[in-house]
Amino acid sequence: MTERAGNAERAARRRRKGVVLRRSGDKTVIVRVERKKRHPLYGKVVRYSANLHVHDEKNEAAAGDRVMIMETRPLSKMKRWRLLEIAGKSQ
């Protein structure tokens, strides 16, 4: 694989911000990611959310933390995201 192809693939990975809901076993957290979208007919802004299973290698995220996650290769049956950084700790 050439260097250029590797960089292009890395740049295509999606990043999301969310809040950790709970720990789910060793090295796994569940993160809620919310997005807003305008309804096509009525124009009202509707909130959509998704709960994503995220790989947390160092077990450092706790419930309530704001985190940045990035899409990655499948790590297990449910995990397709990994933890990049903790943006804000919970009180």
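Structure: above.
Remember, predicted model here, so these are calculated numbers, not experimental data. (Residues numbered from 1 in each chain as written. Predicted model: local features only at pLDDT ≥ 70, side-chain atom pairs only at ≥ 80, totals over all residues. Heavy atoms only, no water.)

### Looking at the sheet that holds strand E5 (residues 81-88)
Strand pairs in the sheet, formed through backbone hydrogen bonds, run parallel or antiparallel to each other.
Here comes step 1: Overall, mixed pairing links the five strands, which are arranged E1-E2-E3-E5-E4 in a closed barrel. Averaged over neighbouring strand pairs, the angle between their axes works out to 45° when direction is ignored.
Here comes step 2: Where strand E1 (residues 15-23) meets strand E2 (residues 28-38), four bridges bridge the pair, whose relative direction is antiparallel. Bridge pairing in E2 places Val 20 opposite Val 31. (Pairing = 2+ DSSP bridges. Helix = DSSP H or I, 4+ residues; strand = E, 2+ residues; numbered from the N terminus. Axes fitted to C-alpha atoms, helices over the stretch in contact; angles between N-to-C directions.)

### Some details on the environment of Lys 17
Here comes step 1: Tracing the backbone shows Lys 17 in strand E1.
Here comes step 2: For Lys 17 and Met 70, which are 53 residues apart along the polypeptide, the C-alpha to C-alpha distance reads 9.0 Å.
Here comes step 3: Sequence-distant contacts of Lys 17, that is, excluding residues within four places in its chain, are made with Val 33, Val 67 and Met 68. (Contact = heavy atoms within 4.5 Å.)

### With respect to the pattern of salt bridges
Here comes step 1: Per the counting criterion, the structure on display carries four salt bridges.
Here comes step 2: Between Arg 14 and Glu 71 there is a salt bridge whose closest N-O contact spans 2.6 Å. Separated by 57 residues along the polypeptide, Arg 14 in the loop between helix H1 (3-11) and E1 and Glu 71 in strand E4 (residues 66-71) bring together distant segments of the chain.
Here comes step 3: Glu 71 sits in the partly exposed class, given a relative accessible area of 23%.
Here comes step 4: Between Arg 23 and Asp 56 there is a salt bridge; the shortest N-O distance is 3.4 Å. Placement of Arg 23 in strand E1 and of Asp 56 in the loop between strand E3 (45-55) and E4 is noted, with a sequence separation of 33 residues between them. (Salt bridge = Lys/Arg side-chain N within 4 Å of Asp/Glu carboxyl O. Buried < 20%, exposed > 50% of the residue type's maximum accessible area, 1.4 Å probe, protein only.)

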